[in-house]
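# Secondary and tertiary structure notes
Listed here are the chains, written in short residue letters.
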Amino acid sequence: MGTAVLTQARILVVDDEPANVRLLERMLTDVGYRQIRSTTDSRQVLALYTESQPDLILLDLMMPHLDGIAVIRQLQIPEDVFLPVLVLTADATSDAKKRALEAGAKDFLTKPFDRLEVLLRIKNLLHTRNLYLDLERHNRSLEQIVDERTQRLLQSEKIATMGSLLAGVAHELNNPLAVVMGQAHLLRSRATDPSLVQRADKITAGADRCARIVRNFLALARQRPPERTEVRVNRVVQEAVELLAYELRTDNVEVALELAEDLPVVWADGHQLHQVVVNLVANAHQAMRHMDAERRITIRTRLERERLLLEVIDTGPGIPAEIQTRIFEPFFTTKPQGEGTGLGLSLCKRMVEEHEGTITADSEVGRGTTFRIELPVVSRPSVPLAAGEHEPLPPIAGKAILVVDDEPDLAATLAEALERDGHHVEIAAHGAMALKMLGQRAYDLILSDTKMPVLDGEGFYTEIERRFPRLSRRIVFLTGDILSREKREFLERTGAPHILKPFDLSEVREVVHRMLVDAGGGPRPESAPESR
Ligand SMILES: Nc1ncnc2c1ncn2[C@@H]1O[C@H](COP(=O)(O)OP(=O)(O)OP(=O)(O)O)[C@@H](O)[C@H]1O
Ligand SMILES: [Mg+2]
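Residues numbered from 1 in each chain as written. Chains lettered and ligands numbered in written order. Predicted model: local features only at pLDDT ≥ 70, side-chain atom pairs only at ≥ 80, totals over all residues. Heavy atoms only, no water.

## Some details on the overall build of the protein
The following threshold applies: Under the DSSP-based scheme used, a helix requires at least four consecutive residues in state H or I and a strand at least two consecutive residues in state E, with every element numbered from the N terminus. The atom set for the radius of gyration is the C-alpha atoms, and the globule formula is 2.2 Å times the number of residues raised to the power 0.38. Contacts: residue pairs with any heavy atoms within 4.5 Å of one another. His is not counted here, nor are the chain ends, while Lys and Arg score as positive and Asp and Glu score as negative. All charge positions are set by atom: Lys at NZ, Arg at CZ, Asp at CG, Glu at CD.
Of the regular secondary structure elements, the protein holds 17 helices and 17 strands. Computed over the C-alpha atoms, the radius of gyration of the protein is 38 Å, more than 25% above the 24 Å expected from 2.2 N^0.38 for a compact globule of 532 residues. For the protein, the C-alpha atoms occupy an extent of roughly 120 × 55 × 45 Å along the three principal directions. A sequence separation of at least 24 residues applies to 72% of the contacts in the protein between residues at least 6 apart. Distance from the positive charge centre (67 side chains) to the negative charge centre (80 side chains) of the protein: 1 Å.

Written out as structure tokens, the structure is:
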């Protein structure tokens, strides 16, 4: 501790003898102390002390009105605060010294003063005072860190509780939402009247937004590691944009895709990446919706130094610098209630990071925003790609499909859609009923819910494996949500494709179509009489 620091110290001098005060003041100023206050009236001390907040008090013991000991008591310096009081005594008895010490004095000086001794005592006490202040500061910053961490912990606990609560609600919304989406889809494909088409589109857009919220809630609660398959990122981008196409078109948002053709297939969770792109595009859209200027979203993919780059660039208003650090926090939103939950980007971040990737925002107010995702290229070379994944699927003759779902409206919607594709569809309300029907006639494909009364998806599948083994590779599961590890493991074990509710009917139709094409036009896996 340098002398320069010590001379900054504030010193309060209290002595009823003006000559003593002057002497001390001179001694102190001579060696550089600058912040000295003094009084000869002990009744003034408390006010002076409060006002000047000294680091050291030089205090005479014997004074009229209030003696030194009374002054010390009056100051009420807490025991854990090191604010030294240096007592000045002429010929005090050892009893007075003892009482002064008991009251809280830190040291004594005997009059007449020895200059060297005075200065040395003061210097030492101030030195200790400074150490104390440093320690205080240190403690305070530690306390602050602890506080912040606690807050963050509470926050993440709150999110976890809230997440599972919301997931429960979201879960309940799945089936009715799938019905709304499916019916709107059917309405649109049937309608010839343009105004009806428009209405159907509006219902679809609204339902899609609900579905997105539901999916975000579920993803928040799910917190599960990516389920990796071979994914073509360009395709994920195209599908996400197709999903939002209608909303974007109605708001005159132009979308430009600049997708590199040489992208490797990556080993990643296609659902999660889809969700990331949908959230980023939705954000860009929402940011530009009320702008007069050009509204354009550019999505760019490319390979750069063994990393896969995905950029979503908008011509929107940009993000103010002061909130850029907060946008990835869960529940941070600048949108009015009912328009944003503040979950989109936090989920994007989590999902990207679970893929060992990074997500960053580059934005300037008035110049638009670029979200940039970098993913390591992880591949699974040992497994060949499904043939012709990219080409349009060849048409296929009508097949017999069994839909198993305990929600009659949902089952009927699915059946109607598949029948429109030329298939013959029958419905079973649960696994046990389905097994009975499978015994009576042959089906080419089963589309089954996983959560059903009487016999649920798992039990149903086990029975199929046992009784109709080849059909076990012709089953598609529809799942509300896979919260439990057991269910997830069950689904993984079956290797059957599964579609998350609420689904888009075109997704279901495509998966069904693909499975039927892959199965070839060959004979039905089992015809009922033989398998018995
Ligand atoms: N492209 C963008 N342009 C301008 N601001 C953006 C953009 N993307 C995100 N933001 C800002 O970041 C905030 C957080 O985004 P995030 O997606 O996490 O939540 P949200 O969009 O508000 O709600 P949710 O996605 O849950 O519906 C937004 O409220 C917005 O202020
Ligand atoms: Mg968002």
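## Describing the site of ligand 1
Our working rule: Whether a residue is near a molecule or strand depends on its heavy atoms: it is near if one of them lies within 4 Å of it. Pairs of N or O atoms are called polar contacts if they sit within 3.5 Å, as long as, within protein, a hydrogen donor faces a hydrogen acceptor (for residues adjacent in sequence, only side-chain-to-side-chain pairs). Using a 1.4 Å probe, accessible areas were evaluated by the Shrake-Rupley method; residue-level cover was limited to the displayed protein chains. The way it works is a 1 Å grid over only the protein atoms, where trapped points that fit a 1.4 Å probe form a cavity and open points with protein on both sides within 12 Å along at least five of seven lines form a pocket, and then any residue with an atom within 4 Å of a point lines it. For this analysis, a molecule is said to be in a pocket or cavity if more than half of its atoms are within 2 Å of the grid points defining it.
Not every one of the 20 residues close to ligand 1 is listed here, only the nearest: D314, T333, T334, K335 and T341. The separation between an oxygen atom of ligand 1 and a polar main-chain atom of L343 is 2.9 Å. Measuring from an oxygen atom of ligand 1, one finds a backbone N or O atom of L345 at 2.8 Å. Relative to its unbound accessible area of 600 Å², ligand 1 is 94% covered by the protein chains. With respect to the detected pockets, ligand 1 is housed in the second largest pocket. Take the shell around ligand 1: its biggest share by element is four residues, from helix α9 (residues 270–288).

## A short note on the domain arrangement of the protein
Which entries qualify depends on this criterion: Bear in mind that the domain bounds are from an automatic or database domain assignment.
Looking at the protein, the domain boundaries give domain 1 (3–113), domain 2 (229–379) and domain 3 (400–531). Taken over C-alpha atoms, the centre of domain 1 sits 67 Å from the centre of domain 2.

## Some thoughts on the environment of L186
Applied cut-off: For each residue, the accessible area found with a 1.4 Å probe, counting protein chains only, is set against the maximum for its type, and the residue is called buried under 20%, exposed over 50%, and partly exposed in between.
Here L186 lies in helix α6 (residues 115–190). On the basis of relative accessibility, which here comes to 3%, the residue L186 falls in the buried class. Expressed as a C-alpha distance, the spacing of L186 and L414, which sit 228 residues apart in the sequence, is 9.7 Å. When near neighbours in sequence (up to four residues on either side) are disregarded, L186 contacts T413, E416, A417, R420 and L505.

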